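What follows is each chain in one-letter form.
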Protein chains: 2
Amino acid sequence: MRIAVVGGTGKEGHGLALGWARAGQEVVIGSRAPERAVRAAETINAAVGHAAAVGMVNREAAMAGEIVVLTVPYDAHEETLRDIRDSVRGKILVDVTVPVDLEKSRRLRVLPGGSATEEAQALLGSETRVVAAFQNISHTHLAREGGVDCDVLVCGDDVEARQEVIRLAGLLGFRGVDAGPARNARVVEGFTILLLGINRRYKSKGAGVRITGIEGPSDD
Amino acid sequence: MRIAVVGGTGKEGHGLALGWARAGQEVVIGSRAPERAVRAAETINAAVGHAAAVGMVNREAAMAGEIVVLTVPYDAHEETLRDIRDSVRGKILVDVTVPVDLEKSRRLRVLPGGSATEEAQALLGSETRVVAAFQNISHTHLAREGGVDCDVLVCGDDVEARQEVIRLAGLLGFRGVDAGPARNARVVEGFTILLLGINRRYKSKGAGVRITGIEGPSDD
């Protein structure tokens, strides 16, 4: 699988890309600045010991990927989506965006579109299947090899796309949990703010979330 | 401690009241119909084998309790709060309400006040400290004796009141986690809808949530 990580030079994007490269996937790093994307890809290749990653400008990266993962700050969300819209048509877009309030970073921002994920789906249209995932996974977890004690909550309006992203999470050593329609991303995105506060209050660097009381695959 | 459970004849209220009675607390069951409250208290007393509970009409129950727990459907939320407002002044009100969409019960309702908890705090005023808790705990968990594999996320604008409710959760065998200000109740209330969907998809009766990566008490 060739996975594009748009905004892949940030901590979260780097962690995801490195994890998939380690799991034997081809990775395409996207950045607004192509030279930064190339450098980020070289770092990944050095870490995994083979040529797993290449770097390109965001739009080309999105074009090259079979599945496209978006890891940009919320402020760049709409602009980046407009930039890559044609490149992701017919694909799955995995949205990792958390709409943090810029003024008060511990607060969840109230979005006109409900959640970053719903806004992305509205902007890209029905030909692209948007799935929210990985927002609650600290980049400190991604940097760690081996099993990690947290789940990836996966939301989106297309059941098959959710299952595909649950497999992508599995490649990184996480259990993906089918958390329902795109509308539920309001809760999952907000949960990140809650975890950031818990990190602060409990002096933790990587509070996470586990769903208990379920076994086996989902019924969908 | 004398704990009033307003709306204590429902499944969730009954489970909470029974748990606290088992833990040696005095319990006051409130209901709109006093005879139903009395019957519910008798059921609890029979279960624990001593006179732990009494039943009263909601307003009197709220007056009798040192701490007041509200477990009513969202549709009765505002009316019940107006009814007990004077009775809870100066106390902690623990709000267990989840604003489920009546038309589409799997959907989170968008509230003008942000969350049931914030609406309760606005209605009761600053003399009453509102704390959100227990919304994610299935009544099937409450019915079980002994340790349960899920946490109670505790939100509210008063730090000491949150700590008090964390202790109340501990009496029921749950770890309470300090989840920050009342605003975060938007996420915690919404998480219940997410868990209901997960129950359905994974054929579970009691999906729950655990916060991972934290140890010890909070720093507040």
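Here is what the cut-offs are and how they apply
Residues numbered from 1 in each chain as written. Chains lettered and ligands numbered in written order. Predicted model: local features only at pLDDT ≥ 70, side-chain atom pairs only at ≥ 80, totals over all residues. Heavy atoms only, no water. Helix = DSSP H or I, 4+ residues; strand = E, 2+ residues; numbered from the N terminus. Rg over C-alpha atoms; globule rule 2.2 N^0.38 Å. Buried < 20%, exposed > 50% of the residue type's maximum accessible area, 1.4 Å probe, protein only. Contact = heavy atoms within 4.5 Å. Areas by Shrake-Rupley, 256 points an atom, 1.4 Å probe, with all protein chains shown as cover. Lys, Arg positive; Asp, Glu negative; His and termini not counted. Charge placed at Lys NZ, Arg CZ, Asp CG, Glu CD. Pairing = 2+ DSSP bridges. Right-handed = clockwise from strand over helix to strand, strands pointing away. Least-squares fit on C-alpha atoms with pLDDT ≥ 70 in both. Core = buried A, V, L, I, M, F, W, Y, C linked by side-chain atoms within 4.5 Å. Buried area = accessible area lost by both parts, 1.4 Å probe. Salt bridge = Lys/Arg side-chain N within 4 Å of Asp/Glu carboxyl O. Polar contact = N/O pair within 3.5 Å; in protein donor to acceptor, adjacent residues only side chain to side chain. Expected span 1.5 Å × (residues − 1). Phe/Tyr/Trp six-rings, centres within 6.5 Å; stacked < 30°, edge-to-face > 60°.

Draft legend 1. Layout of the overall build of chain A. Counting its regular elements, chain A contains eight helices and nine strands. At 16 Å, chain A has a C-alpha radius of gyration in line with the 17 Å of a compact globule built from 220 residues. Counting only C-alpha atoms and orienting by the principal axes, one finds that chain A spans roughly 40 × 40 × 35 Å. Counting all 220 residues of chain A, 59% fall into the buried class. Counting contacts in chain A only where the partners sit at least 6 residues apart, residues at least 24 apart contribute 71% of the total. When the accessible area of chain A is evaluated, it comes to approximately 9,100 Å², of which 48% is carbon and sulfur surface. Charged side chains in chain A number 27 positive and 29 negative. The centres of these two groups are separated by 7 Å.

Draft legend 2. Structural detail: the pairing of strand E2 (residues 26-31) of chain B. Residues and elements named next belong to chain B. Burial of E2 is extensive: five of the six residues sit out of reach of the surface. With five bridges joining them, strand E1 (residues 2-6) and E2 adopt parallel strand pairing. Bridging from a neighbouring strand, Arg2 pairs with Glu26 of E2. Note that the unit made of E1, helix H1 (residues 11-22) and E2 has a crossover that is right-handed. With five bridges connecting them, E2 and strand E3 (residues 53-57) associate as parallel partners. Bridge assignment links Ser31 to a residue of E3, and that residue is Val57.

Draft legend 3. Structural context of the relation of the copies chain A and chain B. Least-squares fitting of chain A to chain B yields an RMSD of 0.0 Å, with the transformation described by 0.0 Å of translation along the axis and a rotation of 180°. Taken together, the rotation angle and the small translation identify this as a two-fold axis. An overlap of 100% is found between the interface residues of chain A and their copies at the interface of chain B, pointing to a shared contact surface.

Draft legend 4. The arrangement of the nonpolar core in detail. Membership of the largest hydrophobic core comes to 40 residues, with the highest contact counts inside it found for Phe191 and Ile211 of chain A together with Phe191 and Ile211 of chain B. Broken down by secondary-structure element, the contributors of at least two residues to this core are strand E7 (151-156), helix H8 (185-201) and strand E9 (208-212) of chain A together with strand E7 (151-156), helix H8 (185-201) and strand E9 (208-212) of chain B. If near-sequence neighbours (up to four positions away) are discounted, Phe191 of chain A is found in contact with Asn136 and Val209 of chain A together with Leu153, Val187, Phe191, Val209 and Ile211 of chain B. Counting residues in hydrophobic clusters, the runner-up holds 37 residues, among them Ile29, Val94, Val154 and Val165 of chain A.

Draft legend 5. Spotlight on the interface of chain A and chain B. With 41 residues of chain A at the contact, the number on the chain B side is 41 residues. Around 3,300 Å² of area is buried between chain A and chain B when both sides are counted, 58% of it from carbon and sulfur atoms. On the chain A side of the contact with chain B, Arg201, Tyr202 and Thr212 of chain A bury the most area, a combined 23% of that side's loss. Counting every contact that joins chain A to chain B gives two salt bridges. Where chain A touches chain B, the interface holds 11 residue pairs in polar contact (both at pLDDT 80 or more).

Draft legend 6. Representation of helix H1 (residues 11-22) of chain A in the model. All names here are of chain A. Compared with the 16 Å implied by 1.5 Å per residue over 12 residues, the 16 Å span of H1 between its first and last C-alpha is a close match. Buried within H1 are the following residues: Glu12, Gly13, Gly15, Leu16, Ala17, Leu18, Gly19, Trp20 and Ala21. Summarising the contacts, the buried residues of H1 are in contact with strand E1 (2-6), strand E2 (26-31), helix H2 (34-48), strand E4 (67-70), helix H6 (139-143) and helix H7 (159-171). Directly beyond the C-terminal end of H1, a positive phi value near 90° is found at Gly24.

Draft legend 7. View of the packing of aromatic side chains. All names here are of chain A. By the definition in use, this model includes three aromatic pairs over all chains. An angle of 80° between the planes, with centres 5.6 Å apart, marks the rings of Trp20 and Phe134 as edge-to-face. Taken together, the positions of Trp20 in helix H1 and Phe134 in the loop between strand E6 (129-132) and H6 put the pair 114 residues apart, joining distant regions of the chain. Note on Phe134: relative accessible area 1%, which makes it buried.

Draft legend 8. Up close: the pattern of salt bridges. Residues and elements named next belong to chain B. Taken as a whole and assessed by the stated rule, the structure comprises 24 salt bridges over all chains. In this structure, Asp149 and Arg210 form a salt bridge, with 2.7 Å as the shortest nitrogen-oxygen distance. One end of the pair, Asp149, is in the loop between helix H6 (139-143) and E7; the other, Arg210, is in strand E9, with 61 residues separating them in the sequence. Of the residues examined, Asp149 reaches a relative accessible area of 47% and is grouped as partly exposed. Glu164 serves as the salt-bridge partner of Arg167, at 2.8 Å between the closest nitrogen and oxygen. You can see Arg167 and its partner Glu164 sitting in helix H7 (residues 159-171), three residues apart, about one turn around the helix. With a relative accessible area of 51%, Arg167 lands in the exposed category.

Draft legend 9. Summary view of the side chain of Thr128 of chain B. Residue and element names in this part refer to chain B. Take Thr128: it is sitting in the loop between helix H5 (116-124) and strand E6 (129-132). Among the polar contacts made by the side chain of Thr128, one reaches the main-chain carbonyl oxygen of Val88 at a distance of 3.4 Å. Excluding residues that lie within four positions of it along the chain, Thr128 makes contacts with Val88, Arg89, Gly90, Lys91, Leu93 and Gln121.

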